[in-house]
Amino acid sequence: MTADTKTAPAGDAAEKTFTFTNDQTGESWQFPVVEGTVGPPTIDIRQLYQQTGHFTLDPAFTATGSCKSRLTFIDGDEGILMHRGYSIEDLTDKSSFLEVSYLLLYGDLPSKKQLDEFIRSITYHTMVHEQIHYFFRGFRRDAHPMAIMCGVVGALSAFYHDSLDIWDPQQREISAHRLLAKMPTLAAMAYKYSIGQPFMFPRNDLDYAENFLYMCFGVPAEPFEVNPVHARAMDKIFILHADHEQNASTSTVRLAGSSQANPFACIASGIASLWGPAHGGANQAVLEMLAEIGHKDNIPEFIERAKDKDDPFRLMGFGHRVYKNYDPRAQVLRESAHEVLHDLGIDNDPTLELAMELEKIALEDPYFVDRKLFPNVDFYSGIILKALGFPDTMFTVLFAMARTIGWISQWKEMIEEPALKIGRPRQLYTGPAARPYVPIDERK
Ligand code: SDX
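Given the structure is predicted, the values throughout are model-derived calculations rather than measurements. (Residues numbered from 1 in each chain as written. Predicted model: local features only at pLDDT ≥ 70, side-chain atom pairs only at ≥ 80, totals over all residues. Heavy atoms only, no water.)

Colleague: Outline the pairing of strand β6 (residues 80-83), supporting the account with residue identities and numerical values.
Modeller: In summary, the side chains of a regular strand alternate between the two faces of the sheet. On β6, burial follows the alternation: Leu-81 and His-83 on one face are buried, whereas Ile-80 and Met-82 on the facing-out side are not. Across 4 bridges, the pairing between strand β5 (residues 72-75) and β6 is antiparallel. Across the sheet, the residue bridging to Asp-75 is Ile-80, located in β6. Counted between consecutive antiparallel strands, the loop separating β5 from β6 contains 4 residues, among which Gly-79 sits at a positive phi close to 65°. The pairing of β6 with strand β7 (residues 86-87) spans 2 bridges and is antiparallel. When the bridges of β7 are listed, Met-82 appears paired with Ser-87. In textbook terms, the turn of a hairpin is the stretch between consecutive antiparallel strands, and for β6 and β7 this stretch comprises 2 residues, one of which, Arg-84, has a positive phi near 50°. (Buried < 20%, exposed > 50% of the residue type's maximum accessible area, 1.4 Å probe, protein only. Helix = DSSP H or I, 4+ residues; strand = E, 2+ residues; numbered from the N terminus. Pairing = 2+ DSSP bridges.)

Shown next, in the form of structure tokens:
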């Protein structure tokens, strides 16, 4: 089958089409080319099967667009990431996580009044139902905090019956605010539970990042002053993880939402998907990898292992399905790592030194250069989080916390599309042809 793009003859509506031709039969079919604001054009193949009797085959969706979206644009070759048209560099430099959350959820930067009202709503939704405390008691103290988050976030739908009607815009908005507000509280509870300390209630006099750090590192026995540099670094990390187009966990949330499941269940499905070390679990895997490497003299051995197809070892925090250039988020995080560590008086942190030496060596190696494998968002984030005092088991929880606004904004966008359809991919069947059942006493 061959294909080419045609533009409609002059005078007609300038509709571009893509023609597929079956080289065996000579039949041809035309499909509309659909272009967005920026980025590669797409071929609308929704009628492909009806017209040609063929499915497409694209395991892992390397070249398949699943939806139209106005939230986030990534240019992998140029290393560009923008939310609703604003660059990630501008947003991390000039905005705040709750302002970016408003932008993702509602489409524009808020006025002062809008932002104040939004912050007040989020602040007054940070507490969780007291019964939820009992959920934690059911887990072992050494349960991975992501296991707890999968369970507890899904269970929120058992508590908030007044915001489960996905067709009611008000209930959609309340669910979004509740999830954004309660994720830090639940994440801090998961951390406190794992270290056997009492839960800390949220404080309405602190901002989002300060409140989270307070709930994690404060104790009832004495006052806790949040370090403003740590709070700013935390807020920046949240912004950098907020949304990222149709990644695996966002696609999971959209697919779950397409069945009209409630938003809490959909976000729980996103948390489960993010947990994998190929995705959001990579930040924890990076720290484990750096600990395994141990010293810069061992880097060449691990670089060789990463290149060896017979060795499952991969350079965690390196490579990306979309970025074939430096992940812009990794750039910001690398600078932030230096700031936070300097503020902590750690000017030559061995882990950061090792990470930077590993990056330098890898980016001089043809294997990584030829495959355009650069550090991604997960390569430096763990170093900062470790310096802030978090155990590596909490790193992906923080990623899930920050990504919740992206997930729920993408979910809301999908639900608000006219004529929501359930997502239902097809397949290429390669199993046995039809065959008769064989009674067990006749089998070999
Ligand atoms: C995130 O999608 C998103 O946007 C995700 C994310 C987000 O914000 O939501 O950005 C967050 O998940 C970042 C990625 C975190 N994961 C890791 O750091 C894990 C290590 N990275 C790899 O597992 C891998 O790079 C992926 C999973 C990130 C991307 O895999 P792809 O796009 O499927 O690429 P591939 O496996 O086809 O690799 C292409 C080639 C292969 O070699 P060849 O077959 O061409 O010889 O590159 C090699 C791979 O073996 N390769 C690596 C490598 N990553 C790819 N070799 C060594 N180390 C690596 N890390």
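Further notes follow.
Colleague: Could you give an account of the pairing of strand β2 (residues 16-21), naming the residues involved and the relevant values?
Modeller: Taken across its 6 residues, β2 has 5 buried, putting it largely inside the fold. Connecting the antiparallel pair β2 and strand β3 (residues 28-34) is a turn made up of 6 residues, with Gly-26 showing a positive phi of about 80°.

Colleague: Mind laying out the site of the ligand, listing which residues take part and the relevant values?
Modeller: Neighbouring residues of the ligand: 24 residues in total, closest His-244, His-320, Arg-321, Arg-329 and Arg-403. Between the ligand and Gly-317, the relevant distance is 2.8 Å, taken from an oxygen atom to a main-chain nitrogen or oxygen of the residue. Its residues assigned to classes, the shell around the ligand comprises 10 nonpolar, 7 polar and 7 charged. (Near = heavy atom within 4 Å. Polar contact = N/O pair within 3.5 Å; in protein donor to acceptor, adjacent residues only side chain to side chain. Nonpolar A, V, L, I, M, F, W, Y, C, P; charged D, E, K, R; others polar.)

Colleague: Please provide a residue-by-residue account of the environment of Ser-258, values included.
Modeller: Structurally, the position occupied by Ser-258 is in helix α10 (residues 248-258). C-alpha of Ser-258 to C-alpha of Leu-104: the two residues are 154 residues apart in sequence and 20 Å apart in space.

Colleague: So what's going on with the side chain of Thr-72? Residues and values would help.
Modeller: Mapping Thr-72 onto the fold places it in strand β5. Polar contacts involving the side chain of Thr-72 include one to the side chain of His-83, which spans 2.8 Å. In terms of polar contacts, Thr-72 uses its side chain to reach the side chain of Asp-243, at 2.6 Å. Every residue in contact with Thr-72, bar those within four places of it in the chain, is listed here: Leu-81, Met-82, His-83, Leu-104, Asp-243, His-244 and Glu-245. (Contact = heavy atoms within 4.5 Å.)

Colleague: Can you break down the packing of helix α6 (residues 145-155) against helix α11 (residues 263-274) residue by residue, with the values?
Modeller: Where α6 contacts α11, the two axes come as close as 8 Å, and the packing angle between them is 165°. Here α11 runs roughly antiparallel to α6, going by the angle between their axes. For the pair α6 and α11, the sense of crossing is left-handed. Of the residues in α11, those touching α6 at Met-146, Met-149, Cys-150, Val-153 and Gly-154 are Phe-264, Ile-267, Ala-268, Ile-271 and Ala-272. (Axes fitted to C-alpha atoms, helices over the stretch in contact; angles between N-to-C directions. Parallel < 35°, antiparallel > 145°, perpendicular 65-115°, else oblique. Left-handed = near helix turned anticlockwise from the far one by under 90°.)

Colleague: Provide a residue-level description of the environment of Gln-246, including the pertinent values.
Modeller: With respect to the helices and strands, Gln-246 occurs in the loop between α9 (228-240) and α10. The exposure class of Gln-246 is buried, given its relative accessible area of 19%. Spatially, the C-alpha atoms of Gln-246 and Thr-72 are 9.0 Å apart, while their sequence positions differ by 174 residues. When sequence neighbours within four positions are dropped, the list of residues in contact with Gln-246 reads Ser-66, Cys-67, Ser-69, Ser-251, Arg-254 and Gln-410. In terms of polar contacts, Gln-246 uses its side chain to reach the side chain of Gln-410, at 2.9 Å.

Colleague: For the pattern of salt bridges, give the residues involved together with the corresponding values.
Modeller: Counted by the stated rule, this structure contains 21 salt bridges. For Lys-113, the salt bridge is made with Glu-117, and the minimal N-O distance between the two is 2.7 Å. With Lys-113 and Glu-117 both in helix α4 (residues 112-123) and 4 residues apart, this pair spans about one turn of that helix. A salt bridge links Arg-140 to Asp-142; the nearest nitrogen and oxygen atoms lie 2.5 Å apart. Across the pair, Asp-142 and Arg-140 agree in class, each one exposed. Among the ionic contacts, a cluster of salt bridges with common partners joins Arg-70, Arg-254, Glu-413 and Glu-417. (Salt bridge = Lys/Arg side-chain N within 4 Å of Asp/Glu carboxyl O.)

Colleague: Break down the sheet that holds β7 for me, citing the residues and quoting the values.
Modeller: Read across the sheet, 3 strands follow the order β5-β6-β7 without closing on themselves; strand pairing throughout is antiparallel. The sheet is open, and its two edges are formed by β5 and β7, each paired on a single side.

Such coordinate-based values are descriptive only and should not be taken to indicate function.
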